[in-house]
Amino acid sequence: VIFRLSASNNESEGWSVLEVKRLVDHQDNILSSVSVNDLTFVTGSHVGELIVWDALDWTKQACECNFWDSSVNPDVQPEIKLSQSPNETSVQYLTSDEECVFAAVGKGIYVYNLQMKRVIACQRTAHDSSVLHIEKLPNRQLISCSEDGSVRIWELREKQQLPAEPVPTGFFNMWGFGRANKQANQAAKKMQENTPVYFLELVGDLIGHSSAVQMFLYFGELGLATCSADHLIILWKDGERESSLRSLTLFQKLAQNRDLQLRL
């Protein structure tokens, strides 16, 4: 439901809330939503529907409902399942960097490109249980936490593609089909070269909680705070950065001591 907030003329009455539009395109419970920018917002449902909306006229721009499609990541063998639990396709959480929407779907993480209107990368089993919260970092990295008690750091990387092999024409050359095949092959090769392929690579695993990690807060260079059902709040620091800062402080102290010795 879209509401409009308007200030009342009488200061004592505060704000008034007016219903503007009611959108009914989802087929099941809506669990998450994120504002991408002033023109776009995205919602996700319990049955795995991700809908991109126009924030000006409240129309549907795009929809993604098949997160388990093997064509998203052809290098990963599709899982054989007799039945899928709704929790496996449930869109638990959404976040965005205005270029992509990052969706926590069941146990996995999916990267949906808003311009291409498709999923460009995924980790179907990013955790052993449902992913509860994700956050995009400024350096193409992503943090996720799960019911399994783990907190993981991922990096979105571009996969190096091998050049397309020429398609042998064989017998059809005799009948003049070779040129058409060559043109088709060149078109396919050009399309392959122009379409970048991305993947999510695990670059860090924060081990410390013994129960579900409900949420975390990212404070940039200051670190990370996680909270869990084990009644703990853990503060994390970037080990490499902290080590560098300690070394810098040590060298500064050594330089000061040396300067004092020279003065004495």
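Notes on the structure follow. Since this is a predicted model, take the numbers as computed values, not measurements.

Once that is clear, we can look at the overall build of the protein chain. On a plain count of helices and strands, the protein chain comes out with 3 helices and 17 strands. In the protein chain, the share of contacts with a sequence separation of at least 24, taken over all contacts with a separation of at least 6, comes to 42%. Looking at the protein chain as shown, the accessible area adds up to about 17300 Å², and 52% of this sits on carbon and sulfur atoms.

Let us look at the pairing of strand β16 (residues 224-228). Of all 5 residues making up β16, 4 are buried, and the element is well covered by its neighbours. One ladder, built from 5 bridges, connects strand β15 (residues 213-218) with β16; its direction is antiparallel. Bridging across to β16, V213 finds its partner in S228. Where β15 folds back on β16, the antiparallel hairpin that results is connected by 5 residues, among which G220 adopts a positive phi of roughly 65 degrees. Where β16 and strand β17 (residues 233-236) come together, 4 bridges link them in antiparallel fashion. Bridge pairing in β17 places A225 opposite L235. The turn joining β16 and β17, which pair antiparallel and follow one another in sequence, is formed by 4 residues; a positive phi near 70 degrees is taken by H231.

So, how was this worked out
Residues numbered from 1 in each chain as written. Predicted model: local features only at pLDDT ≥ 70, side-chain atom pairs only at ≥ 80, totals over all residues. Heavy atoms only, no water. Helix = DSSP H or I, 4+ residues; strand = E, 2+ residues; numbered from the N terminus. Contact = heavy atoms within 4.5 Å. Areas by Shrake-Rupley, 256 points an atom, 1.4 Å probe, with all protein chains shown as cover. Buried < 20%, exposed > 50% of the residue type's maximum accessible area, 1.4 Å probe, protein only. Pairing = 2+ DSSP bridges.

The values reported here are purely geometric and, on their own, carry no functional implication.
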